[in-house]
Amino acid sequence: MYDVAILGGGLAGLASAIGLSKAGISVVLIEKNRYPFHRVCGEYVSLETLNYLKALGFDPFAAGAAHLKRLQVSAPSGNTLECNLDLGGFGLSRYRFDLELVQLAQAAGATLHTREKVNAVDPNGNGYRIKTSEREISARIVIGAFGKRSTLDKSLERSFLQKRSPYVGIKYHIHYDQEDDLIALHNFKDGYCGISRIEDEKYCLCYLAQNRHLKRLRSIPEMEKQMLRTNPHLDRIFVKAEFLWKRPVVINEVSFAPKPLLEQGIFTCGDAAGMIAPLCGNGMAMALHGASLLTGLLVDHFSGRLSISELEQRYVKEWRALFALRLQVGRNVQQLFGAPVTTEWVVRLFKALPPLTRAVMKQTHGKSFEAFAY
Ligand SMILES: Cc1cc2nc3c(=O)[nH]c(=O)nc-3n(C[C@H](O)[C@H](O)[C@H](O)COP(=O)(O)OP(=O)(O)OC[C@H]3O[C@@H](n4cnc5c(N)ncnc54)[C@H](O)[C@@H]3O)c2cc1C
């Protein structure tokens, strides 16, 4: 019987595994893939995470991360606005980032089962019985850190699945010549594409588009040609960049719908608890911040300071206080981008009113946060 079972080993799951193990709580983490692997993600991480990551034992800059300090946004016409990022961020591939956290989780004493899929979770006496593709595991508490969309959403009958999402996410690593400290966000009809530097002199190019265009145009290269490359900045990138993979990584059905924080007694964390629109560049920071909040509360629970019902109430209340407004602003900002004419006016307005740009960025970004003191 483990104290905590973590379903899914992305940032939320891995950070929780490190923090809980360091606090002496027995943890098992189950991840369906084998590390390291590439995921669809823009790979820009807000610096609000830095203190927390260092407390977990990870310094992204020592791992070769790029320091990103400026933002450029372009409308489909090519009209651009540029501003400094108040806090800024770092650029590091998930391939490297996740692997570094896996090593820290193992060193802290967490048990990791990889290439193993969780199929079902059932309440069992004082805890849960977890059925994976390989075995059955018992745990007192379960954290659902299985990301934006998982087969577990279906087996838990999560209500957000009733509505289909129109979005598809696509990512490449490229060699390109863009300023090291710049994150560029180029808009096209019904989508946007982020480009920023990561480790080893590479760049991440990641975009969100609408599935109906992919279906209509029948292939990713054709969609890139007819949709993305109408923005002159993206056209230049597609002409000049060296694409390092034969095929991109792709994810379908990216949903920004609100989700419950507790599902049949399982604590959801990271994207499984709610995903912010990627153009805010903040989903990873939220996944890490959620993990730090849940770790602190679980430590209080296992040391007898919080009953299970107090733990549940505090998690829901504090999570909402931290993220509910950010998620709503993220959904609203996402609405502003998409239609070329609206995007053009938004870029012009933000360009004319820099304090407005800063105010919107503040609403979608959090403050630097600390870890539970181990
Ligand atoms: C197009 C796009 C661009 C983005 N760009 C950025 C960005 O630049 N900056 C940013 O901060 N955020 C960005 N995000 C968001 C960011 O990627 C997520 O918020 C972040 O990865 C959430 O971490 P997580 O741990 O919750 O989920 P994930 O990292 O998705 O991890 C979930 C894990 O659960 C595993 N899993 C799922 N089901 C099972 C199962 N049944 N059994 C076992 N394992 C399972 C999966 O394999 C996965 O490893 C972007 C998202 C998209 C779609």
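Conventions used here
- Residues numbered from 1 in each chain as written.
- Predicted model: local features only at pLDDT ≥ 70, side-chain atom pairs only at ≥ 80, totals over all residues.
- Heavy atoms only, no water.
- Pairing = 2+ DSSP bridges.
- Helix = DSSP H or I, 4+ residues; strand = E, 2+ residues; numbered from the N terminus.
- Buried < 20%, exposed > 50% of the residue type's maximum accessible area, 1.4 Å probe, protein only.
- Lys, Arg positive; Asp, Glu negative; His and termini not counted.
- Salt bridge = Lys/Arg side-chain N within 4 Å of Asp/Glu carboxyl O.
- Polar contact = N/O pair within 3.5 Å; in protein donor to acceptor, adjacent residues only side chain to side chain.
- Core = buried A, V, L, I, M, F, W, Y, C linked by side-chain atoms within 4.5 Å.
- Contact = heavy atoms within 4.5 Å.
- Near = heavy atom within 4 Å.
- Areas by Shrake-Rupley, 256 points an atom, 1.4 Å probe, with all protein chains shown as cover.

Draft legend 1. Representation of the pairing of strand 7 (residues 118-124) within the structure. Note that strand 7 and strand 8 (residues 127-132) share six bridges and pair antiparallel. When the bridges of strand 8 are listed, Asp122 appears paired with Arg129.

Draft legend 2. A look at the side chain of Lys259. Checked against the element boundaries, Lys259 lands in the loop between strand 15 (249-252) and strand 16 (262-263). One buried charged residue, Lys259, remains without a salt bridge, the closest side chain of opposite sign being Asp153 at 5.6 Å. Here Lys148 takes part through its backbone oxygen, which lies 3.2 Å from a polar atom of the side chain of Lys259. A polar contact of 2.9 Å, which involves the side chain of Lys259, links it to the backbone oxygen of Asp271.

Draft legend 3. Representation of the environment of Thr295 within the structure. Residue placement: Thr295 occurs in helix 8 (residues 283-302). Residues Thr295 and Asn282, spaced 13 residues apart in sequence, show a C-alpha to C-alpha distance of 20 Å.

Draft legend 4. Region of interest: the nonpolar core. Formed by 85 residues in total, the largest nonpolar core has its most connected members in Val4, Ile6, Phe97, Ile143 and Tyr315. Per element, the largest residue contribution to this core is ten residues, and it comes from helix 8. Once you skip the residues sitting within four places of it in the chain, Val4 turns out to touch Leu20, Ile25, Ser26, Val27, Val28, Ala139, Ile141, Ile143, Leu298 and Phe302. Ile195, Leu214, Leu217 and Leu228 belong to the second largest nonpolar core, which has 22 residues in total.

Draft legend 5. Examining the site of the ligand more closely. In the vicinity of the ligand lie 39 residues, with Glu31, Gly42, Tyr44, Arg94 and Asp271 positioned nearest. Ala12 places a main-chain nitrogen or oxygen 2.9 Å from an oxygen atom of the ligand. Here an oxygen atom of the ligand and a backbone polar atom of Glu43 are 3.4 Å apart. Starting from 1000 Å² of accessible surface for the ligand in isolation, the protein chains cover 95%.

Shape is all these values report; function is a separate question.
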